[in-house]
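Close look at the chain arrangement
The chain contents come next:
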Amino acid sequence: MLEKTERLVTVNAVYRWPLRVVREHYLRPCVPCSSALCSQPERCRNVGKLLPAGVTHYMVPDSSVFHYFDILEMPELKGVIWLQTVTDALRSERGWRYYNKLRSLLKDPSHECVLFANEYHASCYHRPEDGRSVKFWQCEGSCVLCSRIIYAAALWYYKHCGEKMPIVIVADEDSIKRFKVKSEGVSVMTFKEYLKKFYSDLEAAHSSCDFTDEALYEEKLERLEASGLNYNHYLPPDVLEAGLQSGRYVEGILCVNRQTKAEAFVRVQDTEQSEEDYEILINGMNPRNRALHGDRVAVKLFPESLWKRRTATGREAGEYMPTGHVVGITQKHKRDYIVTFPSKEDIQYYSRKTKKYVAVPWDCRIPRIQIHRTQAEKYQCCKAVVHIDSWDLGSRYPDGHVVGTLGTSRDLEGEMKSLLVEHDISERPFSEAQMGELPVNTPEEPWSVDPEEQDRRDLRQTNLVFTIDPRGCEDVDDALSVRTLSSGNLELGVHIADVTHFVKPKSCLDNEARARATTYYLPDRRYDMLPSVLSSNVCSLLRGVDRYAMSVIWELHRTTYEIKSVWYGRSIIHSTYQLSYEAAQELLDGNLGITNDMKEFQDMDKKEKEDRLQELTWAIEKLADIASHFRAQRGLDGALDLDGIEIGVLFDDERNILDLVPRQQRTVHRMVAECMILANHWVARKIYESFPRQALLRRHPPPRQNLFSELKQSAQAGGFYIDTSSNRSLALSLDNAHDVSDPTVNKLLRNMATLAMSNALYFSTGSCREHEFHHYALGLDKYTHFTSPIRRYADIIVHRLLSAAIARDKPEMELNLLSERSLEELCDHINERHRAAKLCQRQATELFQCRFFRDKDADRDERCVADGIIYGFRDTAVQLYIPRYGIKGSAQLKTKDGCVLHLGPSGENLGSWAPGAPRRWYKRTDRVTSSGQGVAFRMFEHVTVKISAQVKPYHPNNLQLEIISKKASVDPEARHTPQSSPSPTRELVGGNTQCAEDGKENLPEEYRQFRQTEGESLYTLLEEMKNRAIQDLSSHLGIL
């Protein structure tokens, strides 16, 4: 006879939290017990596998021991009774995978375990009673109820077997407290105790149990540490896709702030809702929801009332910005990370039960990564390459594993390899298949041009071709020529190495060049995009050999340099001179004595040398004049003359660092650059005209106006006005911002303008509107990269486009063109690789800067003291530029404990810090100590700076700057401009602003005693009142 009752069932709802529902339940007076000791076989009707009678006990697992499932699968464990209550809990908590494994276990005759359907037995079923509420039994009461049901079933089994077989319930320590043992035949113990008592010789089970116990302990610690976190499940992919299409969610790349790690931004490109790019603030770890720097995420915006300000210094204080939280990751940024493991001294603070150690990533924007203890102990004090596997909802840190090591933290090679891995730069050699596609070039059989080449213009006898590159350059990919035509007009030629002649589309070599995308230049090495056979030999436009080239040749008016015609095509050239920038500049300046050191002029008689030298100097002077003309034309269209700070590292023969030298921009640098810009511009026009939807161009979007705020403030403090309404107005403002007494001021302002710019990008013309093609900095409507195919893959694509454009009568040429979608994806890849190359080069330079100062005594070595220029103010620091080494950084004026820099009466650093507070104005910052002494630092003021290297155990080292004197440092190695009277414009503007700011200093003497503040506002007065509370008043009160 069946008995009807009700049962509480947990149902997993789709995209919702699990639900608990009440359903009808029918109980039976007897169900199969599956035991050989059954006292009522006629009622149980056992069929199939039975528990043996020859064991010492029966074991009943509790639902809390699922973590030991791999031990329960061992065939050595006999007499195991799986209750229906436990199997239902296993399916609910661990899913169908573990449930199906248990079903297979029960069917396997080699495992002595059975299933007992206690939930359908009238004597074993337990109802939620005791007068408690339904809510109690749905929450914490469910565990109590489960324990009662398991104990009732175990007690029934013991009695059903005639009290001949003891029953052992196995549970964890927390669950044991819920069992109230009242019978001698039923006992409860932990899994570790159970193995020790009944299976003491089963080593595999004991080892697995210890490992699982450590894991459970570590997870418990993680839950305690992560108690403040509140991560959410990611939305399903179909929900995300629908939300992105409807505009409910927005998509972009997550970028974490280096200075404030809890702050991140998502840059959203222009959409139908907004024609301009904008940023969304992700403030805090919870809204970031386990997303990592570089992930493409979907974001849901908060209401405007919940928008927040960013804490970074580059934005105005009162500006709120869109704020949101991450609801899903649409594309993971798959890459490996460099980490440093804790030292032995740090490991001693970990518990012995700790399963995982926390490794610190080299990139401060990445959270710490949990690594298994066995790997962490193996790689102590080493830099390792780690791959992140997952990040659980309840975990504070993501989990990962080690995939390689890079040596110790102080090793130069280890640090350089760290940079390469961090930026995903390949240093692997080219494969045999790739090398097999190269032309034969050996000393016995050197490569040479094909004498039967018919499709190329032969320029070897008609044009004086020469190259100008850095000293020691091997990958020479551009050459110049200029001559006078019979008509009297000029012919200007730019000749670029024809790499596409050797690198065929879709070849192994082409695929590798596409993956690398660029050549990576570091201070002491480079990683080529193409094998050296091509980059340094066959393709390189070396002196004295014939080479294939892609040429752009213009016919110019003899005096006005107006372009009459242009020719594009393949050519054969012979470079006569291979000049360095220094040699070309000397010839341009009229110093002909430089030819004594030039190989090209050796073994010549005097007459031939004079004629050849006259021909070369005329060509260089004419090129400089032509370049100046086209540069002025671009200036009228708004081209900017920006200035980046580049540092050269000088090494000795043993690769030790001798010096850091800022690179100087000379006339010849601008001349060569202008010729390359001209060629790139005209090639861009040509390929866009031929393929308006499939051309690869380069655009430079206008910068956002709020990024110019620091430039404007600094210029205003120096007495200059910067108009940023357009590129032309910005160029004119920078040209006028000259201080005749200090030329470095203009250099700094131009550098600040450069930093405010957005990055130039490669793009497919089919993906952008034509008005977006404009290049802001160069003042050109169309621009591309054509002149460096040896080191840039984008130039290889442009060469193929140009070849197809000049041979459109051959339909087979168009087969090499990429589709719009493929070209757009390629542009994204190239942009990402160029950003990585730029960052890697900058960080490598910073690494060598730190190594240069690391081994020097900052207090004794005169090379650690240099002249610095203040170009910006922060709340507790000033920003400095050191021309001698090209270093930019901050010098602190206030410590975290409230002390400020203490300078003596003559402006010298006394080597101490005194209680006080800094006060910041728009053109100066004052530092006042508790004793009332004050010193003001003004914009563009020269100070003496001490430079030292700050060594960090986990993150990249950096330089520490300290102001040691308000006086300018006298550096015999630096080039100083003679002092002269200040600029009239600066005197006028500066005088007016000084009167407005310091008018209080002009008060009559009789009124000054009543003045209550040194500042200009109530806020300043309140700040002064707070600071006076820490002043040392003992001397005024006569205590000492």
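Located above this text is the structure these notes cover.
Structural notes, computed from the coordinates. No experiment lies behind these values; they were computed from the predicted model shown.

Within the protein chain, the regular secondary structure consists of 29 helices and 38 strands. The contacts of the protein chain with a sequence gap of at least 6 include a subset with a gap of at least 24, amounting to 65%.

Let us look at the packing of aromatic side chains. The tally for this structure, following the rule as stated, stands at 19 aromatic pairs. With centroids separated by 6.3 Å and ring planes inclined at 65°, the aromatic side chains of Phe 191 and Tyr 194 adopt a geometry described as edge-to-face. Here Phe 191 pairs with Tyr 194, and both are found in helix H8 (residues 191-198), just three residues apart, close to one helical turn. Its relative accessible area of 1% is what places Phe 191 among the buried residues.

Here we come to empty space enclosed by the protein. With a probe scaled to a water molecule rolled over the atoms, the places where space remains empty come into view. Applying the stated criterion to the full structure yields two cavities of 30 Å³ or more. By volume, the second largest cavity is sized at about 40 Å³. Along its surface, the second largest cavity is lined by Leu 847, Cys 850, Arg 851, Arg 854, Ala 949 and Asn 957. At four residues, helix H25 (residues 820-854) tops the list of elements feeding residues into the lining of the second largest cavity. For the lining of the second largest cavity, a count of residues per class yields three nonpolar, one polar and two charged.

For the rest of this paragraph, the subject is the pairing of strand E13 (residues 337-340). With burial as the criterion, each face of E13 is covered, one bearing Tyr 337 and Val 339 and the other bearing Ile 338 and Thr 340. In terms of strand pairing, E13 meets strand E16 (residues 382-390) through four bridges, oriented antiparallel. When the bridges of E16 are listed, Thr 340 appears paired with Lys 383. Two elements, E13 and strand E14 (residues 356-361), share two bridges in a ladder whose sense is antiparallel. Within E14, the position partnered with Thr 340 by the bridge is Val 360.

A word on the packing of helix H21 (residues 709-717) against helix H23 (residues 744-756). Contact geometry of H21 with H23 gives a least axis separation of 9 Å together with a crossing angle of 165°. Between H21 and H23, the interaxial angle falls into the category roughly antiparallel. Seen along the crossing, H21 lies across H23 with a hand that is left-handed. For the pair H21 and H23, the contacting residues are Glu 710, Leu 711, Ser 714 and Ala 715 in the first and Leu 749, Met 752 and Ala 753 in the second. The residue makeup of the contact of H21 with H23, split by class, is five nonpolar, one polar and one charged.

It is worth spelling out the side chain of Asp 742 at this point. Mapped onto the secondary structure, Asp 742 falls in the loop between helix H22 (727-736) and H23. Separated by 2.7 Å, the side chains of Asp 742 and His 942 make a polar contact. Each residue touching Asp 742, except ones within four places of it in the same chain, is listed here: Ile 869, Phe 940 and His 942.

Here we come to the pattern of salt bridges. Pairing is possible between side chains of opposite charge, provided their charged atoms come close. What the rule picks out here adds up to 44 salt bridges. Between Arg 884 and Asp 659 there is a salt bridge; the shortest N-O distance is 3.1 Å. In this pair, Arg 884 sits in the loop between strand E31 (877-882) and strand E32 (887-892) while Asp 659 sits in strand E27 (residues 657-662), placing the two residues 225 residues apart along the sequence. Classification of Asp 659 by relative accessible area gives buried; the value is 17%. Each of Arg 631, Arg 634, Asp 641, Arg 670 and Glu 674 takes part in salt bridges that share partners, so that together they form one network.

One open sheet holds the five strands; their spatial order is E10-E9-E8-E11-E12, and the pairing between them is antiparallel. The open sheet has two edge strands with one neighbour each: strand E10 (278-283) and strand E12 (324-331). Averaged over all pairs of adjacent strands, the angle between their axes in this sheet comes to 40°, without regard to strand direction. Alignment of strand E8 (residues 250-256) against strand E11 (residues 296-301), held across four bridges, turns out to be antiparallel. The partner of Val 250 across the bridge, within E11, is Val 299. Across the sheet, helix H10 (residues 237-246) is in contact with E8, E11 and E12; its angle to E12 comes to roughly 115°.

Interhelical geometry of helix H18 (residues 581-588) versus helix H19 (residues 606-636) gives an angle of 95° and a closest axis separation of 9 Å. Taken as axis vectors, H18 and H19 run roughly perpendicular relative to one another. Of the residues in H19, those in contact with Ala 584, Leu 587 and Leu 588 of H18 are Leu 613, Leu 616, Thr 617, Ile 620, Glu 621 and Ala 624. Taken together, the residues of the contact of H18 with H19 sort by class into seven nonpolar, one polar and one charged.

Rules used throughout
- Residues numbered from 1 in each chain as written.
- Predicted model: local features only at pLDDT ≥ 70, side-chain atom pairs only at ≥ 80, totals over all residues.
- Heavy atoms only, no water.
- Helix = DSSP H or I, 4+ residues; strand = E, 2+ residues; numbered from the N terminus.
- Contact = heavy atoms within 4.5 Å.
- Phe/Tyr/Trp six-rings, centres within 6.5 Å; stacked < 30°, edge-to-face > 60°.
- Buried < 20%, exposed > 50% of the residue type's maximum accessible area, 1.4 Å probe, protein only.
- 1 Å grid on protein atoms, 1.4 Å probe; cavity = no way out; pocket = protein on both sides within 12 Å on 5 of 7 lines; lining within 4 Å.
- Points joined across faces, edges and corners; volume = space filled by probe spheres on them.
- Nonpolar A, V, L, I, M, F, W, Y, C, P; charged D, E, K, R; others polar.
- Pairing = 2+ DSSP bridges.
- Axes fitted to C-alpha atoms, helices over the stretch in contact; angles between N-to-C directions.
- Parallel < 35°, antiparallel > 145°, perpendicular 65-115°, else oblique.
- Left-handed = near helix turned anticlockwise from the far one by under 90°.
- Polar contact = N/O pair within 3.5 Å; in protein donor to acceptor, adjacent residues only side chain to side chain.
- Salt bridge = Lys/Arg side-chain N within 4 Å of Asp/Glu carboxyl O.

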